[in-house]
Amino acid sequence: MAVHASGAGRSASDGRARLITKVAHMYHEQGIRQADIADALHISQTKVSRLLKRAGEIGVVRTVVVVSQGVHLALEQGLESRYGLREAVVVDVDGDESGIIAGIGSAGAAYLESTLAGGERIGISPWSQTLLSVAERLHPLRVAGADRVVQLAGGVGEGAVQAKANRLLSHLAELVGAEPIYVQAPGLVSTAETRRSLVTDTAMQSVTKEWQSLTMALVGIGSVQPSPLLRDSGNAIAPADQDQLIAAHAVGDVCQRYFNATGELIHSDLNSRVVGIDPEVLREIPRRIGIAGGERKHAAIRAAISGGWVNVLITDVATARALLDEPSQGRLIEQP
């Protein structure tokens, strides 16, 4: 808050302007309580409150927001405006891919800690190194932030890697005070018939029902080249499928649903073999949080936010500037 002696004279008599300014100075700059101001000036506390309100209306008191170092409001607002995002969070991290994952993982954990208000039903993609980073950095919530955490795609794979996927879900659920719900199937099967058999199973249908009522999705954004975690899990796409996707101009995926540069779903045989949430159901979830960054994923992230696969983005500064087509060198001057 800043108190300005000028400005009141244009809107009030000299005597009233003096009183307004004096009250504002005592309250905002000297830190004196309203009741003590009333006693000192021999006026009622109600009048003190009215004078403080008037001080804001006529410009005696002005609020100035100073942007803290490491906060990138201009970039966040630019992303929200250009891509219609519900929210963007931009963090000041650089270095190699592991450093970026750690940095945006911390930002994702902080975002969840500050926005989980209870009663959420969270969907989470299982094969994401970035989401593992979030879970590793999340502090236990004092009050339960969610009712349940549900896998969005099959989580069965190679033993050691599957343990990571299971740990992601179970650990996140424990931290937010929720019940974990697993998909007891691979994320990708060999034929459409195998998938149909799996999804008609009673246990799988109960998970499908859970997907319909999710309030939030927490997802990674993948490039066409699979991440090491997904590749090692045994759920990565085969070279022939990858060639088909590249020929169809795929640039990335969310929960193994691949899309082109404008975010449009690529219809291929692969879709019929994915054991996971349907694209239409995914994009109906109210809050869809994508946590991803790094130069390798710029095209995939741009497509994901353009196509509405996510409506909240947590990413790094360099990626944010690339998405806004701004130079990556030099510091952006942000207005308070």
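In case you missed it, the structure is sitting above this.
Values in this document were obtained by computation on a predicted structure and should not be read as measured data.

A. A look at the sheet that holds strand β11 (residues 287-291). Strand order in the open sheet formed by 7 strands is β3-β12-β11-β7-β4-β5-β6, with parallel pairing between adjacent strands. The two strands at the open ends of the sheet, each matched to only one other strand, are β3 (87-91) and β6 (179-181). Strand-to-strand twist of the sheet, defined as the mean angle between neighbouring strand axes without regard to direction, takes the value 15°. Note: β3 against strand β12 (residues 312-316), 5 bridges, orientation parallel. Note that in β12 the partner of V90 across the bridge is T315.

B. Layout of unusual backbone geometry. The residue H249 is not glycine, and still its phi comes out positive at about 70°. Inspection of the secondary structure assignment puts H249 in the loop between α11 (239-247) and β9 (250-254).

C. Quick look at the pattern of salt bridges. One pass over the structure, following the stated rule, counts 13 salt bridges. Residues R196 and E193 are paired through a salt bridge, measuring 3.3 Å at the closest nitrogen-oxygen approach. Taken together, the residues span about one helical turn, with R196 and E193 both in helix α8 (residues 192-199) at a distance of 3 residues. Taking the shortest distance from any N to any O, the salt bridge between R273 and D241 comes out at 2.9 Å. Remark: D241 occurs in helix α11 and R273 occurs in the loop between β10 (257-260) and α12 (279-282); sequence separation between them is 32 residues. For the pair R273 and D241, one class covers both residues: buried.

D. Examining the pairing of strand β4 (residues 120-124) more closely. Of all 5 residues that make up β4, 4 are buried, and the element is covered over most of its length. As judged from the 5 bridges shared by β4 and strand β5 (residues 146-151), these two strands associate in the parallel manner. Its bridge partner lying in β5, I124 is registered against Q151. Remark: the β4/helix α6 (residues 129-137)/β5 crossover connection has right-handed handedness. Bridge count for β4 against strand β7 (residues 216-219) is 3 bridges, and the pairing is parallel. Its bridge partner lying in β7, I124 is registered against L218.

E. Seen up close, the sheet that holds strand β8 (residues 222-223). The sheet built from 3 strands is open, its strands ordered β8-β9-β10 with antiparallel pairing. Taken across any chain shown, the strands that pair with only one partner, and hence form the sheet edges, are β8 and β10. For β9 and β10, the ladder comprises 4 bridges, and the chain directions are antiparallel. Paired with D253 across the two strands is Y258, which belongs to β10.

F. Highlighting the packing of aromatic side chains. Throughout the structure, instances matching the rule amount to 1 aromatic pair. The ring centre of W309 lies 4.1 Å from the NZ or CZ of R283, which sits over that ring.

G. Representation of the pairing of β9. Within β9, 5 of the 5 residues are buried, which leaves the element mostly enclosed by the surrounding structure. Where β8 and β9 come together, 2 bridges link them in antiparallel fashion. If you follow G222 over to β9, its bridge partner there is D253. Between β9 and the antiparallel strand that follows it, β10, lie 2 residues; C255 among them carries a positive phi value of about 55°.

H. Quick look at the packing of helix α2 (residues 34-41) against helix α3 (residues 45-58). Across the interface, α2 lies against α3 with an axial gap of 8 Å and an inter-helix angle of 110°. On the basis of their axis angle, the class for α2 and α3 is roughly perpendicular. Contacts between α2 and α3 pair Q34, A35, I37 and A38 from the former with Q45, V48, S49 and L52 from the latter. In terms of residue class, the contact of α2 with α3 is built from 5 nonpolar, 3 polar and no charged.

Reading guide: rules and limits
Residues numbered from 1 in each chain as written. Predicted model: local features only at pLDDT ≥ 70, side-chain atom pairs only at ≥ 80, totals over all residues. Heavy atoms only, no water. Pairing = 2+ DSSP bridges. Helix = DSSP H or I, 4+ residues; strand = E, 2+ residues; numbered from the N terminus. Axes fitted to C-alpha atoms, helices over the stretch in contact; angles between N-to-C directions. Salt bridge = Lys/Arg side-chain N within 4 Å of Asp/Glu carboxyl O. Buried < 20%, exposed > 50% of the residue type's maximum accessible area, 1.4 Å probe, protein only. Right-handed = clockwise from strand over helix to strand, strands pointing away. Phe/Tyr/Trp six-rings, centres within 6.5 Å; stacked < 30°, edge-to-face > 60°. Lys NZ or Arg CZ within 6 Å of the ring centre and 35° of its normal. Parallel < 35°, antiparallel > 145°, perpendicular 65-115°, else oblique. Contact = heavy atoms within 4.5 Å. Nonpolar A, V, L, I, M, F, W, Y, C, P; charged D, E, K, R; others polar.

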